[in-house]
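# A look at the structure
As a plain string of letters, each chain reads:
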Amino acid sequence: MSAATPVGPSRPTSVASGRTGGAARVGRFGTAPSRGTATAVLTVVGIVFAVPLAALVQFTFRQGTDDGLTVAHWAAIVDPVNAFTYQPVFDGLGASLLIAVITVGIVLFVLLSAQIITALRYPKLRRVLEFVCIVPITVPVVVLVVGFIPVYQVVSRVFGSGAWTLAFAIGIVTLPFAFRPIAAAITATDMTVLSEAARSLGASWWTVTWRVLLPNLRRGITAACFLTITVVLGEYTLAAFLSRTTFQTALVLVQQTDPYVAAIFSVAALLFGFVLLVVIGRIGTGRRAGRHRTVRTTRVKESA
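Notes on the structure follow. Everything quoted here is computed from the prediction, not taken from an experiment.

### Quick notes on the overall build of the protein
Of regular secondary structure, the protein possesses 13 helices and zero strands. The order of helices and strands in the protein, counted from the N terminus, is α-α-α-α-α-α-α-α-α-α-α-α-α. Taking contacts inside the protein between residues at least 6 apart in sequence as the whole, the part at least 24 apart equals 69%. Accessible surface for the protein amounts to roughly 19700 Å². Of this, 67% is attributable to carbon and sulfur atoms.

Shown next as C-alpha cells:
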C-alpha cells in the first residue's frame, strides 16, 4: 500500500531556499560580486580618477622644468602685484556664478513647474516633455551656437551684451542633465495620492506644492541644481562663440601667460564640485535619518 497522503492545506514551499512555510522568495539572477572583487574594482576605478587629479595638483607646485616644488604659484594668486594679470579669471568666475544662479532659477521655475504640472494634470504628455528636454543633448553645442547667433543679436539689443544673458542659452543645454534627477524623484513619489490627500484636508495648491510635494522631491531638485552649476562652470563653447567672458574663457586667456594659475583654478573648481556632491548626499542621508529617528521616537512613546 502506498503511504497515506495527509489531508489539509498545504504549506507553500520557497523556491529559492527549499524550505516550507512563509512567503515564496524569488530567485536572484546571477551572483553578487565577492568582497575581494568589489574592492579590486573600486581600487582600479579610484586609481583611474586619482592619478590625473594628483598629476594636476603636482603640476601646480612644480618649479619650472626641474623637479623642485614650490608654493609660489599659489601665493601669486593673492599677490596684489598680479591682481591685474589674474583679474580676468575672477571676473569670469563671477560671471559664471551669476549665470549659474539665473540658470538654476530657470530650472526651478520653468522645468520643475512643468514636470510637476505634467505629473499631476497631464500624465499623457510626460513622454512629450521628456523628448523636448532630451533633444539638446543629441545636438552638438557648435550646431546650437549657429542657431543662437541670430537670436543673440536680438538679445543684445534688448538686454545688452552682458555675460548673464548666456543663462538663456545654457538653460537649454542643461535641460537633459536637470530633467533626469527630477523625473526620477517624481517617479519614486506618488504625487497624485499625496496631493489628493492634502487637498482633502483643506490645503491649498500652494501649501500642497510647498509643504508636501517639494520636500519629497528635495533630493532630485538638489541633484538637478548641482548638475546645472557644473555644466555652467564647464561651458566654454557657447561663451567663446558668443563673445562672452566666463570662467572657462578666462582660464584659456590666462593659461597663455601662466598655465600654473589655470591649473590651480581648475583644481579649485573640482573641489567645489566635490563639496556640492557631498552636500547633496548629506541632504538626502540626513532627511532619511531624521525620518527614521522620528519613527523610532513615536514607537517608543506608543509602547510606553
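### Examining the pattern of salt bridges
The full count for this structure, using the stated rule, is two salt bridges. A salt bridge links Arg 127 to Glu 130, with the nearest nitrogen and oxygen atoms 3.3 Å apart. A residue pair is termed a helical-turn pair when its members lie 3 or 4 positions apart in one helix, as Arg 127 and Glu 130 do in helix H4 (residues 126-138) at three residues. When its relative accessible area of 56% is taken as the criterion, Arg 127 is described as exposed. Residue classification places Glu 130 among the buried positions, given a relative accessible area of 13%. The shortest N-O distance in the salt bridge between Arg 180 and Glu 130 comes to 2.8 Å. You can see Arg 180 sitting in helix H7 (residues 175-187) and its partner Glu 130 sitting in helix H4, a full 50 residues away along the chain. On the basis of relative accessible area, Arg 180 is assigned to the partly exposed category, the value being 45%. Three or more residues are tied together by salt bridges with common partners; here these are Arg 127, Glu 130 and Arg 180.

### Focus: the side chain of Glu 235
Residue placement: Glu 235 occurs in the loop between helix H10 (218-234) and helix H11 (237-241). Of note is the side chain of Glu 235, whose polar atom sits 2.9 Å from the backbone nitrogen of Leu 238. Contact partners of Glu 235, with chain neighbours within four places excluded, come to Val 141, Ile 170, Val 173, Thr 246 and Gln 248.

### Comments concerning the packing of helix H6 (residues 166-173) against H7
Taken N-terminus to C-terminus, the directions of H6 and H7 make an angle of 55°; their axes are 5 Å apart at the nearest point. In terms of axis orientation, H6 runs oblique to H7. Of the residues in H7, those touching H6 at Gly 171, Ile 172 and Val 173 are Leu 175, Pro 176 and Phe 177. Looking at the contact of H6 with H7, its residues break down into five nonpolar, one polar and no charged.

### Some words on the packing of helix H8 (residues 191-200) against helix H9 (residues 205-216)
How two helices pack is summed up by the angle between their axes together with the distance between the axes. Contact geometry of H8 with H9 gives a least axis separation of 10 Å together with a crossing angle of 140°. The angle between H8 and H9 falls in the class oblique. H8 and H9 meet at a crossing whose hand is right-handed. Each of Met 191, Leu 194, Ser 195, Ala 198 and Arg 199 in H8 lies in contact with H9, whose residues at this interface are Trp 205, Val 208, Val 212, Leu 213 and Asn 216.

### Comments concerning the environment of Ile 134
Note on placement: Ile 134 falls in helix H4. Considered as a pair, Ile 134 and Ala 178 are 44 residues apart in the sequence and their alpha carbons are 9.9 Å apart.

### Things to note about the packing of aromatic side chains
For the structure shown, the criterion picks out nine aromatic pairs. Linked through ring pairs, Phe 90, Phe 247 and Phe 265 together constitute an aromatic cluster.

### Considering a nonpolar patch on the surface
Together, Ile 117, Tyr 122, Leu 125, Val 128, Phe 131 and Val 132 give the surface a local cluster of nonpolar side chains, amounting to about 620 Å² of exposed area. It is H4 that provides the largest number of residues to the nonpolar patch, a total of three residues. Within the secondary structure layout, Ile 117 lies in helix H3 (residues 83-120). Of the residues examined, Ile 117 reaches a relative accessible area of 45% and is grouped as partly exposed.

Reading the values: rules and limits
- Residues numbered from 1 in each chain as written.
- Predicted model: local features only at pLDDT ≥ 70, side-chain atom pairs only at ≥ 80, totals over all residues.
- Heavy atoms only, no water.
- Helix = DSSP H or I, 4+ residues; strand = E, 2+ residues; numbered from the N terminus.
- Contact = heavy atoms within 4.5 Å.
- Areas by Shrake-Rupley, 256 points an atom, 1.4 Å probe, with all protein chains shown as cover.
- Salt bridge = Lys/Arg side-chain N within 4 Å of Asp/Glu carboxyl O.
- Buried < 20%, exposed > 50% of the residue type's maximum accessible area, 1.4 Å probe, protein only.
- Polar contact = N/O pair within 3.5 Å; in protein donor to acceptor, adjacent residues only side chain to side chain.
- Axes fitted to C-alpha atoms, helices over the stretch in contact; angles between N-to-C directions.
- Parallel < 35°, antiparallel > 145°, perpendicular 65-115°, else oblique.
- Nonpolar A, V, L, I, M, F, W, Y, C, P; charged D, E, K, R; others polar.
- Left-handed = near helix turned anticlockwise from the far one by under 90°.
- Phe/Tyr/Trp six-rings, centres within 6.5 Å; stacked < 30°, edge-to-face > 60°.
- Patch = residues over 30% accessible without salt bridge, like charges linked within 9 Å, V, L, I, M, F, W, Y side chains within 5 Å.

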